[in-house]
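# A structural walkthrough
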Amino acid sequence: MITETIVKASTEKVKVKIKTESYIVNGNVHTMPGGRLSDYITSHINRFIPVTEAEVVPIDDRLNEGMEKREVVFINTEKIEMIEYL
């Protein structure tokens, strides 16, 4: 018989606005409790970070795509131009 143990790390939900070349994403990132957002982002260099409860808005809306809501989106940290707390 194989027994599987699942351990869930405690996280803190942080509301942010992230700007990339093409999109602005408002949503939540989940950091370690008391951790700095900058440390979280730099620890994911060359990786993707999940953003939950995301609102995704194209910067160039000539295609009239408008805002889209997503349960989760993954953003390449190399493409982040700006991030701010909301």
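These numbers were taken from a predicted model, which means no experiment stands behind them.

Rules behind the numbers
Residue positions are given per chain, counting from 1 as you read along its sequence in written order. In keeping with the predicted nature of the model, local features appear solely for residues at pLDDT of at least 70, side-chain atom pairs appear and are counted solely at 80 or more, and the whole-chain, interface and lining totals rest on all residues. Water and hydrogen atoms were dropped before computing side-chain values, which therefore reflect all heavy atoms in the structure. Numbering of helices and strands runs from the N terminus, with a helix taken as a DSSP run of H or I at least four residues long and a strand as a DSSP run of E at least two residues long. In this setup the radius of gyration rests on C-alpha atoms only. A globule is expected at 2.2 Å times the number of residues raised to 0.38. Only protein chains enter the area calculation, which uses a 1.4 Å probe; residues under 20% of their type maximum are buried, those over 50% are exposed, and those in between are partly exposed. Residue contacts are defined here by distance: any two heavy atoms, one from each residue, within 4.5 Å place the two residues in contact. Note on areas: these come from Shrake-Rupley sampling with a 1.4 Å probe, and a residue is covered only by the protein chains present in the view. Neither His nor the chain ends contribute to the count of charged residues, in which Lys and Arg are positive and Asp and Glu negative. By convention, the charge on Lys lies at NZ, on Arg at CZ, on Asp at CG and on Glu at CD. Every case where a carboxyl oxygen of Asp or Glu lies within 4 Å of a side-chain nitrogen of Lys or Arg is listed as a salt bridge. Joining through side-chain atoms within 4.5 Å is the link that ties buried Ala, Val, Leu, Ile, Met, Phe, Trp, Tyr and Cys residues into a set, and such a set is a nonpolar core. Like charges within 9 Å and nonpolar side chains (Val, Leu, Ile, Met, Phe, Trp, Tyr) within 5 Å are joined into patches, using only residues over 30% in relative accessible area that form no salt bridge.

This part is about the overall build of the protein chain. In terms of regular secondary structure, the protein chain is built from one helix and five strands. When the helices and strands of the protein chain are listed from N to C terminus, the series reads β-β-α-β-β-β. By the compact-globule yardstick of 12 Å for 86 residues, the protein chain is too spread out, its C-alpha radius of gyration being 15 Å. If you line up the protein chain on its principal axes, its C-alpha atoms span 55 × 30 × 25 Å. Looking at the 86 residues of the protein chain, the share that counts as buried comes to 28%. Taking all contacts inside the protein chain whose residues are at least 6 apart in sequence as the whole, residues at least 24 apart take part in 54%. For the protein chain, the accessible area works out to roughly 6,500 Å², and carbon and sulfur atoms hold 53% of it. Considering the protein chain, the positive charge centre built from 11 side chains and the negative charge centre built from 14 side chains are found 2 Å apart.

The subject of this paragraph is the pattern of salt bridges. Pairing is possible between side chains that carry opposite charge, provided their charged atoms lie close to one another. Scanning the entire structure with this criterion turns up five salt bridges. Across the pair Lys69 and Glu55 runs a salt bridge whose closest N-O atoms are separated by 4.0 Å. Taken together, the residues Lys69 in strand β4 (residues 68–76) and Glu55 in strand β3 (residues 48–58) connect sequence positions 14 residues apart. A salt bridge links Arg70 to Glu68, with the shortest nitrogen-to-oxygen separation between them at 2.3 Å.

This part is about the nonpolar core. If you look at the biggest cluster of nonpolar residues, it comprises 15 residues, and the most contacted ones within it are Ile18, Val25, Val29, Ile49, Val51, Val73 and Ile75. Counting only elements with at least two residues in this core, the list comes to β1 (12–19), β2 (23–31), α1 (37–42), β3 and β4. When residues of this core are assigned to their parent elements, the largest contribution, four residues, is made by β3. Leaving out residues up to four positions away in the same chain, Val25 has contacts with Val16, Lys17, Ile18, Val51, Ala54, Glu55, Val56, Val73 and Ile75.

Our focus in this paragraph is a nonpolar patch on the surface. A contiguous nonpolar patch, built from Phe48, Val72 and Phe74 and spanning about 310 Å² of accessible area, is present on the exposed surface. Checked against the element boundaries, Phe74 lands in strand β4.

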